[in-house]
Amino acid sequence: VGLDTGADGTAAGGVVASLTIEAGVTIFGDNGADHLVVNRGSQIFANGTVDAPVVFTSEDDLSNTQVDPDNAIGEWGGLVILGKAPINRCPSGTIGTVTCENAVEGVSNPNAVYGGLDAGDNSGSLTYVQVKYAGFELPPSGSGNELNGITFGGSGAGRRVESIQVHTDSDDGVEFFGGNVNVKHLVLTGIQDDSIDWDNGFQGKMQYVYVEQDRASGDANRGIEADNDGSVPDIEPQSNPMISNLTIIGNNFDGEDDSEGVYLREGTGAQIYNMLVTGPAGMGECFEVENSTESQANLGDGTITISNSVIACANGENFKADTDNGAVDLEDWFLNTQSNNFVSESVGLNNDGTPTAESPLLGAGTDASQVDGFFEATDFIGALDNGSDWRQGWAFGFGGGEV
């Protein structure tokens, strides 16, 4: 959609475009390489409703030719949305300038770049949107040049993203390359790689995030894999998002990359409130912070904080820390230096991820709206309470979005 107008918004030989997709519309790709790119300076308005979400899916889903629709994956590429918000991955000497930009992964067009100086960059809105059966690795195999369900590159806070689902994706569910886009009501189901991935200076906010790995214990990796920068872990702007009301439910997948919970590495920060991480006996570690100088320092200086949260995995590995080589004891850090956290063997979840009426999650949360006005006031841990379910009616698997 459109061509690049430059990080400062001035014309760069391209055309700014705006794409509107009406409620109830289904858009499909017919092969793995198909994908939709919204270039920097252009906008997409895909605004569904509870009863009529916008669905991005594959031709096989549309024609009902999948052998097993619940396990179809990588049948088209995904969405790529690029903006002008700040990032920390760009040519040497350009960080913090209008020329700070980087080519996005998964897209061969050299004009598909992201980054700039506009933290309020507005590339449109996504509301009540599903992305199904996406994800694709560009050849050659093993290159790591992959399309995610939704890629946000340098997306700013002016964009509205609310009530979004990525279902059954072969790479990451959503990946944030820098920027500071904010998201409410995010559903990630059956993702084969990381459900949430951020790096390159991401500083957005998220509330009400529900992550559930494949119920049949199919391919899965981390609920969250988070980085700042692998080469310069303390580079600015530093990845340091805020998240409130997050549920991660792992599975028993044991393969090349096991099912895991949250892994913070490469110097990222994170401010997390009201988080639940849980999973069965076959799941890997549920919370880990990389044993590097920068990441370990973040645990002690407030760059990483977690409060009113619970780790409740049945695998005997709620925490993984390389304490023999000087790493912080994460269980002690979580329980004794952070506020109102606890470890539990049973948190009382229904089969759909909602808490039971007797769940210890209810009433144990903190009101994150007192920290930042983006957040709504809540008093429960996790993405859902035991009242109304915000996924119902529009999210696939929860009553909505059938093609």
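A brief look at the structure comes next. This structure is a prediction, so every number in the text was calculated from the model and none was measured. (Residues numbered from 1 in each chain as written. Predicted model: local features only at pLDDT ≥ 70, side-chain atom pairs only at ≥ 80, totals over all residues. Heavy atoms only, no water.)

**So, the state of the cysteines**
Point 1. On inspection of all chains with the given rule, the structure shows 2 disulfides.
Point 2. Linked covalently through their sulfurs, Cys90 and Cys100 form a disulfide whose S-S length is 2.2 Å. Every disulfide takes its handedness from the sign of the S-S torsion; for Cys90 and Cys100 that torsion is -90°, giving left-handed. Here Cys100 lies in the loop between strand S6 (78-82) and strand S7 (102-103) and Cys90 lies in the loop between S6 and S7, a separation of 10 residues in the sequence.
Point 3. For Cys100, a relative accessible area of 1% corresponds to the buried category.
Point 4. A disulfide bridge connects Cys286 with Cys313, and the sulfur atoms are separated by 1.8 Å. Across the S-S bond linking Cys286 and Cys313, the dihedral sits near -110°, which makes this disulfide left-handed. Placement of the pair is Cys286 in the loop between strand S21 (270-279) and strand S22 (287-289) and Cys313 in strand S24 (residues 310-313), with a sequence separation of 27 residues.
Point 5. Since its relative accessible area comes to 0%, Cys286 is described here as buried.
Point 6. When the cysteines of the protein that form disulfides are numbered from the N-terminus onward, they connect as 1-2, 3-4. (Disulfide = S-S within 2.5 Å. Helix = DSSP H or I, 4+ residues; strand = E, 2+ residues; numbered from the N terminus. Buried < 20%, exposed > 50% of the residue type's maximum accessible area, 1.4 Å probe, protein only.)

**Considering the packing of aromatic side chains**
Point 1. Enumeration according to the criterion identifies 12 aromatic pairs in this entry.
Point 2. The interplanar angle of 10° and the centroid separation of 5.4 Å between the aromatic rings of Phe152 and Phe176 together place this pair among those described as stacked. Note that Phe152 is positioned in strand S12 (residues 150-153) and Phe176 in strand S14 (residues 174-177), a separation of 24 residues in sequence.
Point 3. Summarising the aromatic geometry, the rings of Phe374 and Phe375 are spaced 5.3 Å apart at their centres and angled 75° between planes, so their arrangement reads as edge-to-face.
Point 4. Grouped by ring-pair contacts, the aromatic residues Phe152, Phe176, Trp198 and Phe202 constitute a single cluster.
Point 5. The ring of Phe396 has Lys132 sitting right over it, with the charged end atom 4.0 Å from the ring centre.
Point 6. Sitting over the face of the ring of Tyr210, Arg391 holds its NZ or CZ atom 4.4 Å from the ring centroid. (Phe/Tyr/Trp six-rings, centres within 6.5 Å; stacked < 30°, edge-to-face > 60°. Lys NZ or Arg CZ within 6 Å of the ring centre and 35° of its normal.)

**Comments concerning the side chain of Ser239**
Point 1. For Ser239, the position within the fold is in the loop between strand S18 (222-226) and strand S19 (242-249).
Point 2. Take Ser239: its relative accessible area is 0%, and that puts it in the buried class.
Point 3. A distance of 2.9 Å separates a polar side-chain atom of Ser239 from the backbone nitrogen of Gly201.
Point 4. A distance of 3.2 Å separates a polar atom in the side chain of Ser239 from the backbone nitrogen of Phe202.
Point 5. Setting aside residues up to four positions removed in sequence, Ser239 forms contacts with Trp198, Asp199, Asn200, Gly201, Phe202, Asp227, Asn228, Thr268 and Gly269. (Polar contact = N/O pair within 3.5 Å; in protein donor to acceptor, adjacent residues only side chain to side chain. Contact = heavy atoms within 4.5 Å.)

**Observations concerning the pattern of salt bridges**
Point 1. The full count for this structure, using the stated rule, is 13 salt bridges.
Point 2. Measuring nitrogen to oxygen at the nearest pair gives 3.2 Å for the salt bridge that ties Lys132 to Asp61. Of the two residues, Lys132 sits in strand S9 (residues 124-132) while Asp61 sits in helix H1 (residues 59-63), which places them 71 residues apart along the sequence.
Point 3. Taking the relative accessible area as the measure of exposure, Asp61 reaches 11% and is therefore buried.
Point 4. Across the pair Glu225 and Arg222 runs a salt bridge, and its minimum N-O distance is 2.5 Å.
Point 5. Connected via shared salt-bridge partners are Arg222, Glu225, Asp227, Glu260 and Arg265. (Salt bridge = Lys/Arg side-chain N within 4 Å of Asp/Glu carboxyl O.)

**A few points about the nonpolar core**
Point 1. Counting 55 residues, the largest nonpolar core has Phe176, Ile196, Trp198, Met206 and Phe287 as its most contacted members.
Point 2. At 4 residues, the largest contribution of residues to this core is made by S21.
Point 3. Other than its neighbours up to four places away in sequence, Phe287 contacts Val262, Leu264, Ile306, Ile311, Asn318, Phe319, Lys320, Leu330 and Trp333.
Point 4. Counting 13 residues, the second-largest nonpolar core is a separate cluster that includes Val80, Leu82, Cys90 and Val107. (Core = buried A, V, L, I, M, F, W, Y, C linked by side-chain atoms within 4.5 Å.)

**Quick notes on helix H2 (residues 293-300)**
Point 1. Inspection of H2 places Ser295, Gln296, Asn298 and Leu299 among the buried residues, and these make up the whole buried set. Down the axis, H2 shows its buried residues gathered within 150° of arc, on one side only. Seen from the buried face of H2, the exposed residues on the opposite side, beyond 90 degrees, are Thr293 and Gly300.
Point 2. Where the residues of H2 are buried, they touch S22, strand S23 (304-307) and helix H3 (330-337). (Arc of directions from axis to C-beta.)

**What about the side chain of Gln213?**
Point 1. Along the chain, Gln213 falls in the loop between strand S17 (205-212) and S18.
Point 2. Under the relative-accessibility criterion, Gln213 is labelled buried at 3%.

**Here we look at the sheet that holds S18**
Point 1. Strand order in the open sheet made by the 8 strands is S3-S6-S12-S14-S16-S18-S20-S22, with parallel pairing throughout. Among the strands making up the open sheet, the edge pair consists of strand S3 (35-38) and S22. Averaged over neighbouring strand pairs, the angle between their axes works out to 10° when direction is ignored.
Point 2. Inspection of the sheet shows S12 paired to S14 by 4 bridges, in the parallel sense. Bridge pairing links Ile150 to Val174 in S14. (Pairing = 2+ DSSP bridges. Axes fitted to C-alpha atoms, helices over the stretch in contact; angles between N-to-C directions.)

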